[in-house]
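Below are the chains, spelled out letter by letter.
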Amino acid sequence: MRRFEYPRLGERVFRKKLDNGLEVVVVSKPSHAKRYAFFATRYGGMDLRFRLDGQWQDTPAGIAHYLEHKMFDTQEGNVLQELAKNGAHDNAFTSSAVTAYYVECTEKFYENLRILLSFVSVPYFTQESVDKEQGIIAQEIRMIEDDPDWRVYANLMECLYRDSPARIPVAGSVESIRRITPQTLYDCHKAFYTPSNMVLVCVGDIDPERTAALAEEVLPKEGGPAVPRDYGREEGQRPGAREVRMAMEVSMPMFLAGYKCRPPEGGEAMLRQSIIGDMACDVLFGDSSPLYTRLYEQGVINGSLGGNFDMLPGAAYVYVGGDAKEPERVFAELNAQARRLGEEGVDEALYQQIRRSAYGGMLRSLNSFENIAVSMTEGYFRGFDYYRFPEVFESVGKADVEAFLRENITPDYAAISRIDPLA
Amino acid sequence: MTRQMLMENVYLTYIPSEKFKTSFFSAQMAVPLRAETAGLNALMVNVLSRGTARCPDMAAIGRELDMLYGARLEPTVRKKGENQLFGFVASCVDDRFLPAGERLLEPVTDLLGDMYCRPAADGGRLREDYADSERENLADLIRSDLNDKRSYAARRLMEEMCAGEPYGVRRMGRAEDVERISLRALDEHYRTILPQGRLELFYCGSAARERVAGAFARAFEGLPRRGRLEPAATTRRPAPEQVRLTVEEMDVTQGKLCLGLRTDSADMAATMLMNAMFGGASTSKLFMNVREKLSLCYYAGSAYHRQKGIITVSSGIEFANYDRALAEIYAQLEALRDGDWEEWELQGARSSLCSGLRSMEDSAASLEDFVMGQAAAGGEETIPGLLEAVRQVTPERIRAAAGAVRPDTVYFLRGREGQAHEAL
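In this text the structure is predicted, and so the values were computed from the model without any measurement.

What counts and what doesn't
- Residues numbered from 1 in each chain as written.
- Chains lettered and ligands numbered in written order.
- Predicted model: local features only at pLDDT ≥ 70, side-chain atom pairs only at ≥ 80, totals over all residues.
- Heavy atoms only, no water.
- Helix = DSSP H or I, 4+ residues; strand = E, 2+ residues; numbered from the N terminus.
- Rg over C-alpha atoms; globule rule 2.2 N^0.38 Å.
- Buried < 20%, exposed > 50% of the residue type's maximum accessible area, 1.4 Å probe, protein only.
- Contact = heavy atoms within 4.5 Å.
- Areas by Shrake-Rupley, 256 points an atom, 1.4 Å probe, with all protein chains shown as cover.
- Lys, Arg positive; Asp, Glu negative; His and termini not counted.
- Charge placed at Lys NZ, Arg CZ, Asp CG, Glu CD.
- Salt bridge = Lys/Arg side-chain N within 4 Å of Asp/Glu carboxyl O.
- Core = buried A, V, L, I, M, F, W, Y, C linked by side-chain atoms within 4.5 Å.
- Pairing = 2+ DSSP bridges.
- Axes fitted to C-alpha atoms, helices over the stretch in contact; angles between N-to-C directions.
- Phe/Tyr/Trp six-rings, centres within 6.5 Å; stacked < 30°, edge-to-face > 60°.
- Polar contact = N/O pair within 3.5 Å; in protein donor to acceptor, adjacent residues only side chain to side chain.
- Nonpolar A, V, L, I, M, F, W, Y, C, P; charged D, E, K, R; others polar.

What follows covers the overall build of chain A. For chain A, the helix and strand inventory stands at 14 helices and 16 strands. Computed over C-alpha atoms, the radius of gyration of chain A comes to 22 Å, within 12% of the 22 Å expected from 2.2 N^0.38 for 423 residues, which places it in the range of a compact globule. Once the C-alpha set of chain A is aligned to its principal axes, its extents read approximately 60 × 50 × 40 Å. Expressed as a percentage of its 423 residues, the buried residues of chain A come to 60%. Long-range contacts, defined here as pairs at least 24 residues apart, represent 80% of the contacts in chain A between residues at least 6 apart. Counting every atom, chain A has about 16,100 Å² of accessible surface; 47% of that belongs to carbon and sulfur. Charge centroids of chain A, computed over 48 positive and 63 negative side chains, lie 3 Å from each other.

Looking now at unusual backbone geometry. Of note, the phi angle at Asp 53 of chain A is positive, near 50°, even though the residue is not glycine. In this structure, Tyr 69 of chain B is a non-glycine residue whose phi angle is positive, near 55°. Mapped onto the elements, Tyr 69 of chain B comes out in the loop between α2 (58-67) and β4 (72-80). Judged by its relative accessible area of 8%, Tyr 69 of chain B is buried.

Scanning the entire structure with this criterion turns up 79 salt bridges over all chains. Across the salt bridge formed by Arg 233 of chain A and Asp 163 of chain A, the nearest N and O atoms sit 2.9 Å from each other. Placement of Arg 233 of chain A in the loop between α7 (208-218) and β12 (243-248) and of Asp 163 of chain A in the loop between α5 (148-160) and α6 (182-192) is noted, with a sequence separation of 70 residues between them. Residue Arg 174 of chain B pairs with Glu 176 of chain B through a salt bridge whose shortest N-O separation is 3.8 Å. Salt bridges linked by common partners bring Glu 82, Glu 165, Arg 237, Arg 244, Arg 262, Lys 308 and Asp 408 of chain B together as one network.

Here we come to the nonpolar core. Formed by 143 residues in total, the largest nonpolar core has its most connected members in Tyr 387 of chain A together with Phe 216 and Phe 220 of chain B. With 10 residues, helix α8 (residues 268-285) of chain A is the largest single contributor of residues to this core. The next biggest cluster of nonpolar side chains, apart from the first, holds 61 residues, and it includes Ala 61, Tyr 66, Phe 72 and Ala 212 of chain A.

The next subject is the sheet that holds strand β13 (residues 405-415) of chain B. Across a sheet, strands are paired by hydrogen bonds formed along the backbone, either parallel or antiparallel in direction. Across the sheet, five strands lie side by side as β9-β13-β10-β12-β11 (chain B); this open sheet has mixed pairing. What marks the edges here is a single partner per strand, and that holds for β9 (244-250) and β11 (297-305) of chain B. Strand-to-strand, the axes of this sheet are offset by a mean angle of 15°, without reference to chain direction. In this structure, β11 of chain B lies alongside strand β12 (residues 310-317) of chain B, joined through eight bridges in antiparallel fashion. By the bridge assignment for β12 of chain B, Ala 300 of chain B is matched with Ser 315 of chain B. This element, helix α4 (residues 127-145) of chain A, spans β10 (255-263), β11 and β12 of chain B of the sheet and lies at about 70° to β11 of chain B. Taken strand by strand, helix α5 (residues 149-161) of chain B contacts β9, β10, β11, β12 and β13 of chain B, and its axis lies near 40° from that of β10 of chain B.

The next subject is the packing of aromatic side chains. All names here are of chain A. By the definition in use, this model includes 34 aromatic pairs over all chains. Between Tyr 359 and Phe 389, the ring centres sit 6.2 Å apart and the planes meet at 65°, which makes this aromatic pair edge-to-face. Here the residue Tyr 359 occupies a position in helix α11 (residues 348-365), and Phe 389 occupies one in helix α13 (residues 389-394), the gap between them amounting to 30 residues. Tyr 359 gets classed as buried once you look at its relative accessible area, which sits at 9%. Among the residues examined, Phe 389 registers a relative accessible area of 0% and is labelled buried.

We now examine the interface of chain B and chain A. Contact residues are listed per partner, giving 60 residues for chain B and 53 residues for chain A. Here Glu 102 of chain B and Arg 356 of chain A are joined by a salt bridge, their closest N and O atoms 3.7 Å apart. Seen at the junction of chain B and chain A, the total is 30 residue pairs in polar contact (both at pLDDT 80 or more). Counting only elements with at least two residues in the side of chain B that touches chain A, the list comes to α2, β5 (83-93), α4 (128-143), α5, α10 (285-293), β11 and α12 (343-359) of chain B. Sort the elements by how many residues they give to the side of chain B that touches chain A and α12 of chain B lands first, with eight residues. Considered class by class, the residues forming the side of chain B that touches chain A number 18 nonpolar, 19 polar and 23 charged.

Written as structure tokens, this is what we have:
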């Protein structure tokens, strides 16, 4: 395996691409008791339309998430039991672009890794088990629909995007998941769960060669063809709608504003763009920004205000929100401040301060095995090495942050989602 | 790991580690949890966090933290047994990873010391504008637990079950009490509690012990020390003859069913393991049977509050499944009492518990929480000690631990009248 040293981060990484196309990444953490394996496919909630065996297929919203749930069934029974016997904690999640399965344990790592690789690569669905899952997932969907944090976000995405599947919730709806059959699940597994569309990231005191050999032994020998996906037509930065409101059982109004940004480029430019976007958020509304401290001191916002820059396939946006008695006022202040910063530039001292803080924040995130695995996975799928962030960071300047604010954070590209208390 | 007395009723726990990118700091006061002071303490730390004599406002503190490579410092309020733990936790990039060899340990401990001993003041008192805004924010924050129905239901269960006991007091007090706190009362409280409260300091990182102790000692030099308010021992109560029931209605689509149980067993290790088999791990009976096999709920799990001798069950269900779900939860407990389990269930619960304990040493925040819990409760537990105790638990002890559990209170959150029928 190839070994990579990152002295500025105090990190060591081993990498190998197997003959079947699977990328194996081992991040070495010799002094930790915990061992972590993260097995991910480049397939998420937004991958609803794709071409398989020469045919364009439209699949029901929520299918990637549904498939994630069903992968835990094996012919022998439920895989959770096998892993749990070894004291391993396992779980999975589906995001817009990725489905990931992971195991965390302190003992029998290779045994657990073998189980993980096997159950994710071998599909087993029956009509009966698929039907039963409808009830469980419908409950999960109902539960998140009661969650105002989720609602305010889902409503915002529906406003911001007209055609992009970014507007559709990852879990789908109670109605859309009714259309899922064992056959659609098998088709999606065949299309996306091929080694060449996947990555295995292990973090901990782990033997890289043994890990790669195990993956080679358990997984299929062949990779699989690349699957073209359709994320809808390029829709520009103007939102589909400007505003959405809903009433729920909440203690005070809650809002989330969104700014549609230019879609991301691939490769290291994407890492750079994400650093710039995050810093622009810090400058505009971070805890130490002039706007945040002023609005907090005036009682217009409380500690809940926060947000970030997020990149999805073919889409990117800044979101910011929280609890506020007058959401419209916060929104207007955000717009005004972004305009000021775009026109007058960012104060040099503030920029230097935010820059240091942002760098510290990236270092800090490496305390978490999950963050490491997620960042490595995103980097691999999008064509960059996440651990090069110190170098990329140095290439970013104040003008980049100002340009980002000017080009993206304007009322023309914005929408606001509100949740009000029930009357 | 070492714990030393730094000043009168001030202790420092020091854990040397080079595992992390950051160093972790904490300064917590541990006092008995009481309805009259819970909100005062919570408000106090939030007001103190607003500014110090040297960094008098949020912008100044923000600048200081940013310049320390994004150091973090935040007020925390916790419930540990029947004690309230309040103060600040902080973290910063460990000196080993700083580009220009800067040293962040001393500035961070200084800031912690300033928060306690040298707050931003106006005419010798805490600042009124800070008190006003934090009072409102804290009351809003306390009320906002309504937004997450799962934790709301768990909290309501605890209030009903432990009404009249310190354990039933909310971590940050009640919103209506917080709203009534005057600046004068707050300021007096600060001047009373500061000299009396036990202060627990914590550090985990790569610096040597002498340097850490020296930095904390200097930062807290001005801390007044007189009188002594010791943390309280946690009390236990038996379950009532008749199980109590509370039902609330709200505009929700999914019901929340919570159950509170009491145990008088002194066998803590066996109860920990029994709880892991019941609902504390992914091999648990609640998860495998009530959720997976019977599809009666979306989630179902249990937690053992070991200082208090309470087990709580939390589940999300369809309204109509209330009776069946509750009966099944009881049935799972019954099964444990009867020794009705397969070998892998015990094995899985035991390894999951041990793995969780061992993994705590991989997180500075988990270590801090464990250490502070022990300090507040006056406990002598160590992670290796707990691991050993869990390894030695026998099936007989698990059955006995399950047999010592009695239901106390059921809390059910359901939809409003009429809505239930739609959800069927």
